[in-house]
Amino acid sequence: MNQPGKADLGAGLAVAALMLPEAVAYAGIAGLPPARGLVSAIAGCLVYAAIGRSRFAIVSPTSSAAAILAAALAALAPSSNDAGGLATLAVLLVGIIFLAASLLRLGALASFVSRPVVRGFAFGLAITITLRQLPALLGIPADGAGLGILAARLVEHLPAIDAATAATGVAALMALLALRRVPAVPGALLVLLGGIAASLFLGLPARGVATVGRIPLHFAPLALPIPDWGSFARLVQLVVPLVLILFSESWGTIRTLALRHGDDVRPGRELAALGAANLAAGLLQGLPVGAGFSAGSANEAAGAKSRWAAVVAPLAMAAALVAAMPWIALLPRPVLAAVVIAALAEALKPAPLLRLWRLGRDQYVAAAAAIGVLALGIVNGMLLAIALSIAAMVRRMAAQDVVRLGRLPGTHDFVDLARHKEAEASPDVAIWRPAEPLFFANAEAILGLMSRETPAGAGTLIVSLEESSDLDGTALEALVEFDERMDRRGHRVLLARVRDSIRDLLRAADAADLAGRCYYSVADAADAAAGGRPKS
């Protein structure tokens, strides 16, 4: 990287003002000491800046990762009382899995968690976290393991709202939401300073408003628990969804910001950077870290020009901790709750989900992911979301959907006859195009559908394989058997839009005759069916 410019210095200072209160608040979500959030924010940013390639990404604790970690620790509570040690072990496992995925080039796995599922999960998670922050925001002594129990206790304790705490929290939240409209203004820093000033000059602690208190930045020596095999296997099962949501969120942020500015980023490199960042956070007994969209967007809006902004931000935060710790200790807890809720403001908007309903695409999957988080809890909801992503993909790919093609008059273009009434179809030739790639789950059904729908008078049947870049063993056998079956019925099969790899595969499967009836375009196959001799 080049030397940092004024833009990077300014952006780094602005981001530091956002990172500090969020790191403390997210540690609270995870049920761990604030220092864990602070050290992981510092380490995550610095390590990513050294290895990663996004000039806007801010790798630090995120609300979703903190919530999933809290749920994982709660699930393991019956088998161990060492929540801190288990959290450290979990973060180290996150880093190891990221690095292993990078070595195995598994960056494409993030695509298995679809955007509608991520949006549904984020919406349900935002509601969950917001409800869990309301007791701190309003000064209500309410808690509950389940969301339903928590909601009931919130309603039950509404008469017990602490007026001073609620006034502080609501005022901070309104200020944060108002300042979001002015991206150039460091709203989080102003609210943070305002909260400290209110504690100092209005005597908030004396009025019953809880404060953060002095944050110890020293840790006991790193000592990892040694769980039994069953507990360790359970921990790994809970860490996997944490890795998936972290990478989905981080890669979505990194790629979105890169596309806006024409930057080159690659998932394998980002996996390695996230792995190293989480290993550093784990060794410092911190929280899991990822590239959150709010922090990355704030860095972009503040005018960052290079990764130096992600170096300046953690260094500025560390300097503030050393120089201003007595003042930070006065930060009211309801202000931290307001910071968390404000950070989730975008995720709480139902507009992205409503858009899916208008489009009629994946709306049920997104809704099920949101409901799963609310009804089953964060970890089980995340597992359900992943399962829904994979199920939706398999369902779409296994669909028995084929299109019959016809030629547009005067052209070499073949289009869907059902959608283009002007297209012409020869009575002697039936041209079919599967809507999905042929693979083991749909090949026999799709080829069977084409054989049933082909008119008896069509002497030639053309199958366009433009959607299939390759064939697995089942699809290959089904295609060869289909050719033999149609030949017995008096139909000649030609294949169009066939890649060279599939031609080689047909020859290797002793189907050289069928390989000789492969064409690079539908027009060539149609000319061959009409009696011409185009090059196959």
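## So, the overall build of the protein chain
Each helix and strand in the protein chain was counted, giving 21 helices and 7 strands. Each of the 536 residues in the protein chain was classed as buried or not, and the buried ones make up 49%. Summarising the internal contacts of the protein chain: among those between residues at least 6 apart in sequence, 77% fall at separations of at least 24. Total accessible area computed for the protein chain in this model is approximately 24,200 Å², and 61% of it derives from carbon and sulfur atoms.

## Section: helix α18 (residues 473–488)
Along an α-helix, residues three or four positions apart point the same way, because every turn accommodates 3.6 residues. Between its first and last C-alpha, α18 extends 23 Å over 16 residues, near the 22 Å set by a 1.5 Å rise per residue. Those residues of α18 that sit buried are A475, L476, A478, L479, V480, F482, D483 and M486. Tucked into the core, α18 has its buried residues touching α17 (443–453), β6 (460–464), β7 (492–496), α19 (500–508) and α20 (512–515). With a side-chain oxygen lying 3.2 Å from the backbone nitrogen of T474, the N-terminal cap of α18 falls on D472. Phi turns positive one or two residues past the end of α18, at G490, with a value near 95°.

## Concerning the sheet that holds β7
Spatially, the 5 strands line up as an open sheet ordered β4-β3-β5-β6-β7, and their pairing is mixed. The open sheet terminates on both sides in strands that have one partner only, identified here as β4 (414–416) and β7. The sheet shows a mean angle of 35° between the axes of neighbouring strands, direction not considered. In this structure, strand β5 (residues 429–434) lies alongside β6, joined through 4 bridges in parallel fashion. Of the residues in β6, the one forming a bridge with A430 is L461. The strands touched by α18 within the sheet are β6 and β7, with β7 carrying the most contacts at an inclination of about 145°.

## Some details on the pattern of salt bridges
Considering all chains together, one arrives at 8 salt bridges under this definition. With its nearest N and O atoms 3.7 Å apart, the salt bridge here joins D264 to R266. We note that D264, like R266, is exposed. A salt bridge links R517 to D513; its shortest N-O distance comes to 2.6 Å. According to the relative accessible area criterion, R517 is buried, its value standing at 13%.

## Side note on a negative patch on the surface
On the surface, E444, E477, E481, E484 and D487 cluster together into a negatively charged patch. As for its placement among the helices and strands, E477 is situated in helix α18. On the basis of relative accessible area, E477 is assigned to the exposed category, the value being 51%.

## Describing the nonpolar core
Generally speaking, a soluble globular protein has its nonpolar side chains buried in company with each other. Counting residues in each nonpolar core, the largest one holds 101 residues, and the members touching the most others are M19, L38, L69, F98, I215, L235 and M317. The greatest single-element share of this core, amounting to 12 residues, is contributed by helix α1 (residues 6–30). Other than its neighbours up to four places away in sequence, M19 contacts A41, C45, I58, S60, A313 and M317. Counting 30 residues, the second-largest nonpolar core is a separate cluster that includes A430, I446, F482 and A511.

## Considering the packing of α1 against helix α11 (residues 293–301)
At a closest axis distance of 9 Å, the pairing of α1 and α11 adopts a crossing angle of 160°. By the angle class used here, α1 and α11 are roughly antiparallel. Between α1 and α11 lies a crossing of right-handed hand. For the pair α1 and α11, contact is made by A11, V15, L18 and E22 and by S294, A295, A298 and N299, respectively.

## Re the pairing of β7
Of all 5 residues in β7, 4 are buried, a share of seventy percent or more. Sheet analysis places β6 next to β7, joined by 5 bridges and oriented parallel. Looking across to β7, one finds that S464 is bridged to A496.

## Regarding helix α9 (residues 229–261)
Under the 1.5 Å per step criterion, the end-to-end length of α9 is 47 Å for 33 residues, consistent within 8% with the ideal 48 Å. Phi turns positive, to about 70°, at G262, one or two residues after α9.

## Description of unusual backbone geometry
A positive phi angle is found at Q285, which is not glycine, with a value near 60°. The buried category is assigned to Q285, whose relative accessible area is 12%. A positive phi angle, close to 55°, is found at R497, a residue other than glycine. With respect to the helices and strands, the residue R497 is situated in the loop between β7 and α19.

Rules and cut-offs
- Residues numbered from 1 in each chain as written.
- Predicted model: local features only at pLDDT ≥ 70, side-chain atom pairs only at ≥ 80, totals over all residues.
- Heavy atoms only, no water.
- Helix = DSSP H or I, 4+ residues; strand = E, 2+ residues; numbered from the N terminus.
- Buried < 20%, exposed > 50% of the residue type's maximum accessible area, 1.4 Å probe, protein only.
- Contact = heavy atoms within 4.5 Å.
- Areas by Shrake-Rupley, 256 points an atom, 1.4 Å probe, with all protein chains shown as cover.
- Expected span 1.5 Å × (residues − 1).
- Polar contact = N/O pair within 3.5 Å; in protein donor to acceptor, adjacent residues only side chain to side chain.
- Pairing = 2+ DSSP bridges.
- Axes fitted to C-alpha atoms, helices over the stretch in contact; angles between N-to-C directions.
- Salt bridge = Lys/Arg side-chain N within 4 Å of Asp/Glu carboxyl O.
- Patch = residues over 30% accessible without salt bridge, like charges linked within 9 Å, V, L, I, M, F, W, Y side chains within 5 Å.
- Lys, Arg positive; Asp, Glu negative; His and termini not counted.
- Charge placed at Lys NZ, Arg CZ, Asp CG, Glu CD.
- Core = buried A, V, L, I, M, F, W, Y, C linked by side-chain atoms within 4.5 Å.
- Parallel < 35°, antiparallel > 145°, perpendicular 65-115°, else oblique.
- Left-handed = near helix turned anticlockwise from the far one by under 90°.

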